[in-house]
Amino acid sequence: MDSPTQNTSLQRLQNVEKRIVRVLELAGGVMDELASPTGPRKEFINNHCREFMKMIKDIQVTLRDEIKSACEYRPFEKCDSSSRISNEICCKKLEYVLSQLDAMKQTIDEYQGEGAI
C-alpha cells in the first residue's frame, strides 16, 4: 500500500480541482467587493488578486507536470492498447484545459493593464 505522503497523479489532479474551486471563490469575492455599496477595499482586492494569480500559476505548473508525466508514460510501448489511446486523449484534454487557463490569465493580465492606466 502507498504511504500517506506519496501523491498519486489522481490525488494531484483532485488537489488541482480544489484549487480551481478556490480560484473561483476568490474571483467571486472580488466581484462582491467591487459591488459593495460602501465601495471596494483596496487591500482586500489586492490580497485576493495576488492569491488568485499565485493559484493560477500553481494550477498551470501542476497540470503541465501531469501532462508531461502522462505523455511520457508508456508501460506497453509496443502495444496499441486502448489504455494508451485513452491516455493520449486525456493528454489532449489536459492541454485544452491549460490553453483555457492561459487565455484566462491573459484576460486577467489585460484587465489589470487597463486598470493601471
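Here goes a summary of the coordinates provided. Please read all numbers here as calculations on a predicted model, not as lab measurements.

## Structural notes on the overall build of the chain
If you tally the helices and strands in the chain, you get 3 helices and 0 strands. Listed by position from the N terminus, the elements making up the chain come as α-α-α. The 117 residues of the chain split such that 23% are buried.

## Some remarks on helix H1 (residues 9-34)
Spanning 26 residues, H1 covers 37 Å between terminal C-alpha atoms, matching the ideal 38 Å at 1.5 Å per step. Those residues of H1 not exposed but buried are Val16, Val23, Leu26, Gly29, Val30 and Glu33. Buried residues along H1 sit against helix H2 (42-72).

## A closer look at the side chain of Glu33
For Glu33, the location among the structural elements is in helix H1. Residue Glu33 is classed as buried on the basis of its relative accessible area, which comes to 8%. Contacts of Glu33, omitting those with residues within four sequence positions, involve Gly39, Pro40, Arg41, Phe44 and Ile45.

Calculation notes
Residues numbered from 1 in each chain as written. Predicted model: local features only at pLDDT ≥ 70, side-chain atom pairs only at ≥ 80, totals over all residues. Heavy atoms only, no water. Helix = DSSP H or I, 4+ residues; strand = E, 2+ residues; numbered from the N terminus. Buried < 20%, exposed > 50% of the residue type's maximum accessible area, 1.4 Å probe, protein only. Expected span 1.5 Å × (residues − 1). Contact = heavy atoms within 4.5 Å.

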